[in-house]
Structures are given as structure tokens and as C-alpha cells.
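Residues per chain are reported as follows:
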Amino acid sequence: MNTETIHDPSQPVPPPAARPVILSPIIAIDGPAGAGKSTVARHLARHFGLLNLETGAMYRAFALKALSANLSLQDIPALVELSHRTSISLVPTDAGNLVFLDGADVTSQLREPAVTDGASRVSVYPQIRAWMVALQQELGAQGGVVMEGRDIGTVVFPHADVKIFLDAAPEVRGLRRYEQLGQLDPETAAEVQPEEVVRELRARDDRDRNRADSPLKAAEDAVLLDSTKLTLEEVVAQAEAIVTEKLGWSPAQESDRGC
Ligand code: DC
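Residues numbered from 1 in each chain as written. Predicted model: local features only at pLDDT ≥ 70, side-chain atom pairs only at ≥ 80, totals over all residues. Heavy atoms only, no water.

Draft legend 1. Examining the sheet that holds strand β3 (residues 88-93) more closely. Ordered in space as β3-β4-β5, the three strands form an open sheet in which the pairing is antiparallel. Two strands close off the open sheet at either side, each with one partner strand: β3 and β5 (104-105). Sheet topology places β3 next to strand β4 (residues 96-101); six bridges connect them, and they run antiparallel. Among the inter-strand pairings, L90 is bridged to a residue of β4, identified as V99. (Pairing = 2+ DSSP bridges. Helix = DSSP H or I, 4+ residues; strand = E, 2+ residues; numbered from the N terminus.)

Draft legend 2. Geometry of the site of the ligand. Around the ligand, the surrounding shell holds 14 residues, and the nearest of these are R60, R129, R150, D151 and R211. The contact in question runs from a nitrogen atom of the ligand to an N or O atom on the side chain of T55, over 3.0 Å. Bound to the protein, the ligand loses 97% of the 450 Å² it would expose on its own. At the level of elements, α2 (55-68), α4 (113-122) and α9 (194-210) are the ones that each hand at least two residues to the shell around the ligand. Ranked by residue count, the leading element in the shell around the ligand is α2, at four residues. The class makeup of the residues in the shell around the ligand is two nonpolar, five polar and seven charged. (Near = heavy atom within 4 Å. Polar contact = N/O pair within 3.5 Å; in protein donor to acceptor, adjacent residues only side chain to side chain. Areas by Shrake-Rupley, 256 points an atom, 1.4 Å probe, with all protein chains shown as cover. Nonpolar A, V, L, I, M, F, W, Y, C, P; charged D, E, K, R; others polar.)

Draft legend 3. Main features of empty space enclosed by the protein. Across all of its chains, the model carries one cavity of 30 Å³ or more by this definition. Roughly 30 Å³ of volume is contained in the largest cavity. As for the largest cavity, its lining consists of A28, D30, G153, K163, I164, F165, A219 and A222. Elements with a contribution of two residues or more to the lining of the largest cavity: β1 (26-30) and β7 (162-167). Of the residues forming the lining of the largest cavity, the biggest block, three residues, is contributed by β7. Along the lines of polarity and charge, the residues of the lining of the largest cavity split into five nonpolar, one polar and two charged. (1 Å grid on protein atoms, 1.4 Å probe; cavity = no way out; pocket = protein on both sides within 12 Å on 5 of 7 lines; lining within 4 Å. Points joined across faces, edges and corners; volume = space filled by probe spheres on them.)

Here it is, written out as C-alpha cells:
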């Protein structure tokens, strides 16, 4: 029997299946350090009128508190106890996120090498991750966000509307970090060799990728974007195209969304 549906000419032709327009999207940007996540996330947030939330800054803020309290970053019970009396919040601004730790703005302290290293160490503990993930889910619950991290598309928002996994060769990421350091803090950069920055970045990568709980990896449905041979402008343009395609709207359509 022929099961093919035959259109009844007395009925109007149905419109082609319309793609739903997503109004308050969650965009997950994951990947290792130095792949360009922050630049891409900041640009997408500005371009599409969304909030940019940097989850790495939350791990950094907690590491800062633990280091300031002279805790060993291996003392799990003490770290867990500390987390119970810690409040961390992100305030998105045009220039990036302001990070408040127990009500104080600690943004300027979060890029120090000891804090960078410490964040990677405290983030291996499941109890600390569970606390952070719950906070991040609360922050993004209403949608309308670009959330950047290591486990956003896999754990924090596995049903994110768009998932991009940004990667690049370790040497390229290390050199980008070295150049950033030179711009932010020329004195420290003058004392550091580029090879050292690449070595530290690889060590952090190893920890992030090989931890038992929520290791850094691409979600199965993430779009992979390798920035090794691209300029940041090119990466940003590609990320923008991916989001436009997935969401079914671009900033020009904001009035249609009631923005
Ligand atoms: O993105 P970042 O360099 O600021 O992150 C600092 C550390 O925090 C990073 O080494 C791994 C950890 N991190 C994480 O485990 N999960 C996230 N969602 C974000 C960061």
C-alpha cells in the first residue's frame, strides 16, 4: 500500500516547518585556557544583547579566599567548610565581569599566577564543583546568557541552546597567554620565559582534562572551533555565524523579539 501523504487540493498548502526562534538562549562556550573563550564570549554577549558569565572567575575567587586564609589546597574538609561560608557573585559589565567575594570586589586580584594555579587545583574536588555548578545554574536559569567555562555544555547546562568548544594547539595558547601577560603586567612578563608559560598551561590543561569529576571535554553536540590558525577576529566571526544559525535570529531581529 502506498502510504505517501497526498495533498488535498481543497486545503491550503501548509507552510514549511518553521524553526522556533529562541528568545532567551543559553550559549555555552567551553575549552582550555588561551583558546580565546573570553574574547569570543564577551563579543557574543555584546553582539546578541546577552549577559556574559565567566565561571572560571568563580573558581578563581574561591582559590583566592583559600590562599588568603592560608589553607592547604589539598585539605578537602577545610576547603569544603570554607565554601559553606563563602559568597561569590558575578556582575557583568561592558568591560567584563566584576567578581565579588563576600561582598568585596576582588576582580583585580584574580589573574595573579598563584590564583590561576589555585583555581585549577580547587576545581578538581567534586564538593567544590557541586557548589559552583548549583550557583551557575541559578545565575543562568532565566536564560539570555553566554556562559563560559570548562563544563558548561556537559554539566552545568547540558541542554544549552548553543554549545561551542573552542580549542587551539597548546603552544599557540601559551604564546597568547604570554602576550596577554606582557600587556597586563610588563614587569612580570619580563621575568618570565614564554616556554615557562606554555609549560604551566600544559600542566593546568592536564589537570582540567584528567580530573575524575567533569573533566574538560567537548559535549557530543558541541560545535568544535579550532582557533590555532585563526586570528581572534576570525574566531569571533565564526562563533557569531554559529550562534546566528543555531538561534534563528540575529541582532537585527531584536525588535521582533520585543527587545
Ligand atoms: O577559565 P579560567 O582560566 O578563568 O578558569 C580557571 C580554572 O577554573 C581552570 O583551570 C579550571 C577551572 N574551571 C572549571 O573547572 N570549570 C569551569 N566551568 C570554569 C573554570
